[in-house]
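Commentary on secondary and tertiary structure
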Amino acid sequence: MTEPDDDITDDLDDGPETLAEILTETLTIEISADEAGERLDRALVPHLPDLSRARLQALIAEGRLSFGGETVADGKHKARAGTYALSVPAPVEATPQPQDIPLDVLYEDAHLIVVNKPAGMAAHPGPGTPDGTLVNALLFHCGDSLSGIGGVVRPGIVHRLDKDTSGVLVAAKTDATHRALSELFSRHDIDRKYRAVVRGAPRYVKGTVTTRIGRSHHDRKKMAVLRGGGREAITHYRLEEVYGDTKPLAALLACRLETGRTHQIRVHMAHLGCPCLGDPVYGSGAPHRDVQAILDELGFERQALHAAVLGFVHPVTGQKLRFRAALPADMAALVEALKTMYGAPEGDDDGDFEDDDFEDDNLEDDDLEDDKDLR
């Protein structure tokens, strides 16, 4: 059974405690005799393409569904043939406020928006980041084009990027698009490629890391590779450049996610013994003094990780979409400084991945000895 990704947000389940009673729309749904007997919420969902099942369940729990003039308060009941009426209130204002924050928009239509998120910008407001987030910026940028996610006028951020990870991110403008995109991520039907600058280098030129990832038993704020429990996590990697005169002191990697666990690439790189440079959480141990000197000179203080490619099928138009974002200025400067110091050959540092870059990376941990050994 496919496990949903950890980095899919729970926006669909986060309805407000009270909703505006004005501008309420009443929808009528005819349940046929063939549909009768099925669980009610499941029977109703196909008739309500603009509502997620979670949103429908919330409306039922609020007493907004009726049959024959009587309130139906439990979506688990069996559906009856006949006419149901559902009262859908207008979306209420989101708690986060719109803020005029510049965005690097890669694509936008009536259904979704794709942006190149800078490092240092949190996706959602939270402790320590009450505003200045991507949600605040999208509320301002999208304005009236947002029709509501879970009954709230807000963008539906479908997947997370850590605050200090830069790169491509998609957000939904409607409940239906949010649900469809979330399903794509749950099925791993998304092309996600990252670039990372790491301490040292993996032992092999390319490979696949397959582990279980869950909360660390020693520090609940961290994720860790676990022997038991956790969830399966799969990362494919390919070495692009190695920096060092006699041994690898740093390297530029391309990584492709097959699953999307919290901090997955950062945890897997640390598991291989080559954490992302600058990673304050998983970068245990200092890099070589020359590499550290470069980091200090550049003032580089975040994990060197960038979401370079995001590809998916548009859930409404069916169009195949693929977006690329070049390395941001700070990571590009880091790569250039490492090349200058160690004379590494120029690599593909514009974020342009070929589709077959990873097609041979169907390797389990035990199979890595078949690949080229760097050491």
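Per chain, the residues get numbers from 1 upward, laid out in the order the sequence is written. In keeping with the predicted nature of the model, local features appear solely for residues at pLDDT of at least 70, side-chain atom pairs appear and are counted solely at 80 or more, and the whole-chain, interface and lining totals rest on all residues. The side-chain numbers reported here are obtained from all heavy atoms of the structure, hydrogens and water having been left aside.

**Structural notes on the sheet that holds strand β3 (residues 70-71)**
Note the following rule: In short, DSSP must find at least two bridges between two strands for them to pair. Secondary structure elements follow DSSP: runs of H or I no shorter than four residues count as helices, runs of E no shorter than two count as strands, and numbering proceeds from the N terminus. Throughout, a residue-residue contact means that at least one pair of heavy atoms, one from each residue, lies within 4.5 Å. Axes here mean lines fitted to C-alpha atoms, for a helix over just the part in contact, with angles spanning 0 to 180 degrees between N-to-C directions.
The antiparallel open sheet is built from four strands, whose spatial order is β1-β4-β2-β3. Every interior strand has two partners, whereas the edge strands, β1 (25-31) and β3, have only one. Examined bridge by bridge, strand β2 (residues 65-67) and strand β4 (residues 82-88) share three bridges and lie antiparallel to one another. In the sheet register, phenylalanine 67 faces β4, and the bridge partner there is tyrosine 84. Seen against the sheet, helix α2 (residues 53-61) touches β2 and β4 and runs at an angle of roughly 90° to β4.

**So, the side chain of arginine 195**
The criterion, for reference: As used in this structure description, the phrase polar contact means that two N or O atoms lie within 3.5 Å; if the pair is within protein, one of them must be able to donate a hydrogen and the other to accept it, and residues adjacent in sequence are counted only when both atoms belong to side chains.
Positionally, arginine 195 belongs in strand β11 (residues 191-199). Within the local environment of arginine 195, its side chain forms a polar contact with the side chain of glutamate 240, the two groups lying 2.4 Å apart.

**Describing the pattern of salt bridges**
Using the following cut-off: The rule for a salt bridge is simple: a side-chain nitrogen of Lys or Arg has to be within 4 Å of a carboxyl oxygen of Asp or Glu. The classification of residues rests on relative accessible area computed with a 1.4 Å probe and restricted to protein chains. Under 20% of the type maximum is buried, over 50% is exposed, and intermediate values are partly exposed.
Within this structure, the stated rule accounts for 13 salt bridges. A salt bridge links glutamate 62 to arginine 64, with the nearest nitrogen and oxygen atoms 2.9 Å apart. Residue glutamate 62 is classed as partly exposed on the basis of its relative accessible area, which comes to 35%. Classification of arginine 64 as buried rests on a relative accessible area of 14%. The shortest N-O distance in the salt bridge between lysine 193 and aspartate 191 comes to 2.7 Å. The burial state of lysine 193 is the same as that of aspartate 191; both residues are buried. A single salt-bridge network, built from bridges that share partners, covers Arg39, Asp41 and Arg53.

**Description of the confidence of the model for the protein**
Our working definition: You can read pLDDT as the predictor saying how much it trusts each residue, on a scale of 0 to 100.
Scored by pLDDT, the protein has a mean of 84; 82% of the residues are at 70 or more. Under a pLDDT of 50 for its full length, residues 9-22 has, in the predicted model, 38 contacts with residues more than four places off or in other chains. Low pLDDT, under 50, characterises residues 346-351; the predicted model gives this stretch 17 contacts beyond four residues in sequence or across chains.

**Regarding the packing of helix α6 (residues 289-298) against helix α7 (residues 329-342)**
Rule in force here: An angle counts as roughly parallel when it lies under 35 degrees, as roughly antiparallel when it exceeds 145, as roughly perpendicular when it falls between 65 and 115, and as oblique in every other case. Each crossing gets its handedness from the near helix: less than a right angle anticlockwise from the far helix is left-handed, clockwise is right-handed.
Packing of α6 against α7 brings their axes to within 10 Å, and their N-to-C directions diverge by 140°. The angle between the axes of α6 and α7 places the two elements in the oblique class. Helix-helix and strand crossings are classified by hand; for α6 and α7 the assignment is right-handed. Residues Asp290, Val291, Ile294, Leu295 and Leu298 of α6 form the contact with α7, whose participating residues are Ala333, Leu334, Ala337, Leu338, Met341 and Tyr342.

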